[in-house]
Amino acid sequence: MEPAALVFSTTVLPTIRDKMSMDVITEHVGNLSTCTTEILPSIDEYYTAFNIWGFVLFSMGGVAVSIIFASYIDTLKHVMRNAPPIVKTHSAFVVSVYPVVGLATYCAIIVPRAQLLAEAVTQGMFMASMYQLFCLLVAYCGGEAELIRNTKPDSLNTRVGPCCCWPCCCCLPLLAVNKTHVRMLRVLVLQLPVVQGLIYMVLLVMWAEEQSLYQVNYVYMQPIVVISILCGIWGMIMTMKMLTEVLKEHHMQGKFFVLQLVLLLGKLQGIIAKVLVSMDFMPCKPPITPTVYANLLYNSVMIWEMVLLSIVARIIYKKAVPDPNGSVDELPQQICTIGIKSNIPPVITECPEKRKLSELQNNNGTHFIERF
């Protein structure tokens, strides 16, 4: 072998082989680290890695959002035309939770890095809608004063779930329905959007600064989130128990149920998605990490659940409810007089429905208007 070839084979070739081996190892380690971290891909990486089934999934999500908005517009039209004036605003706000959550979920499907923002919007909209549902129940009663007047004196039961349904709570007394206790219920529900909004604002600031900072502190925020949700739901259930007899025909159980499912489905399925990632059930095809696959599965199921809930809410909110201001239908009083004979005919005002007017003329030309 010539000296040059010998030098090449003994020095250069091993260096090239070592370098190629290190590149392969580095690439392999990089792929593993990409799959085991929470780094989310950019839009370019996301769409480059998707095949035809991914775009079919995006299209189906767009169809779901269209159905939700069509159902919402139809429900909103009915509420604005037929609902009592005092409850229109509250009803319109509550039914708006489904298009807002559906649109936020769809944004998380097409932009993977928008997942935290979609969760924050979903959580905040639900909490605000829960307080608006409380206001809706009060409006159905005609206001706080009418609520206190129409409910039984000691019908505020604190021994209800989820906070006080344990056997140790059996000694709790029934509270009087007065102004102080009604405001206590309002505060319990009102703290939901306030506390949850502040927590998610802090989490979003952490995520914007550094993603790992958000992941570390997210766990420590969860006890506050859970306590806030439990207290708010507890206040709503106490309110509904108190108004069971007063609002028999207002379908408040169904309205509370279809709203509560937004929170239950979102939280429960979000936990399941995180468990699937931690147990390595999701595939890894960089740049699509297991976390992206789990979020995509969670959001795809969530958006079609919003379709079903919006349709059920449409059916419930289109049912007729009594007018809080029309419980006593007072008809205008009319003064009936005996007029003097004249060539000018008497003016007869139109009486309300189910009232019959008859005009009788006596022998001397006097007109007598009698109302039956």
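Residues numbered from 1 in each chain as written. Predicted model: local features only at pLDDT ≥ 70, side-chain atom pairs only at ≥ 80, totals over all residues. Heavy atoms only, no water.

A.B. asks: Summarise the overall build of the chain; cite the residues concerned and give the values.
C.D. replies: Per the secondary structure count, the chain includes 11 helices and 4 strands. When the 372 residues of the chain are sorted by exposure, 38% land in the buried category. Long-range contacts, defined as pairs at least 24 residues apart, comprise 73% of the intrachain contacts of the chain with a sequence gap of at least 6. (Helix = DSSP H or I, 4+ residues; strand = E, 2+ residues; numbered from the N terminus. Buried < 20%, exposed > 50% of the residue type's maximum accessible area, 1.4 Å probe, protein only. Contact = heavy atoms within 4.5 Å.)

A.B. asks: So what about the UniProt feature "transmembrane region" (unreviewed entry) in the chain? Which residues, and what values?
C.D. replies: Cross-referencing UniProt, the feature "transmembrane region" (unreviewed entry) maps to residues 50–72, 92–111, 123–142, 187–208, 220–244, 256–277 and 297–317 in the present numbering. For residues 220–244, the helix share is 92%, the strand share is 0%, and the end-to-end C-alpha distance is 38 Å. Annotated as residues 256–277, this span is 100% helix and 0% strand, and its ends, taken at the C-alpha atoms, are 32 Å apart. (UniProt positions renumbered as here; feature names shortened; annotations may be inferred.)

A.B. asks: Tell me about helix α9 (residues 211–242), residues and numbers included.
C.D. replies: Taking 1.5 Å of rise per residue, the 32 residues of α9 would be expected to cover 46 Å, and the 45 Å separating its terminal C-alpha atoms lies within 8% of that figure. Of all the bends in α9, the greatest measures close to 40 degrees and is centred on Y218. (Expected span 1.5 Å × (residues − 1). Bend = angle between axes of the 7 residues up to and from the residue.)

A.B. asks: Residue-level account of the pattern of salt bridges, with values.
C.D. replies: Across all of its chains, the model carries 5 salt bridges by this definition. Across the pair R314 and D74 runs a salt bridge, and its minimum N-O distance is 2.6 Å. Here R314 is found in helix α11 (residues 290–317), whereas its partner D74 is found in helix α3 (residues 52–82), with 240 residues between them in sequence. Residue classification places R314 among the partly exposed residues on the basis of a relative accessible area of 29%. (Salt bridge = Lys/Arg side-chain N within 4 Å of Asp/Glu carboxyl O.)

A.B. asks: Describe in detail helix α4 (residues 88–95), supporting the description with residues and values.
C.D. replies: Since one α-helical turn is 3.6 residues long, residues separated by three or four positions face the same way. If you check which residues of α4 are buried, you get H90, S91, A92, V94 and V95. As for α4, its buried residues are in contact with α3, α5 (97–110), α6 (115–140), α10 (252–278) and α11.

A.B. asks: Which residues make up the environment of D323, and what values do they have?
C.D. replies: With respect to the helices, strands and loops of the structure, D323 is situated in the loop between α11 and β3 (357–361). Exposure remark for D323: the relative accessible area of 36% places this residue in the partly exposed category. Distance in space between the C-alpha atoms of D323 and Y140 is 7.6 Å, their sequence separation being 183 residues.

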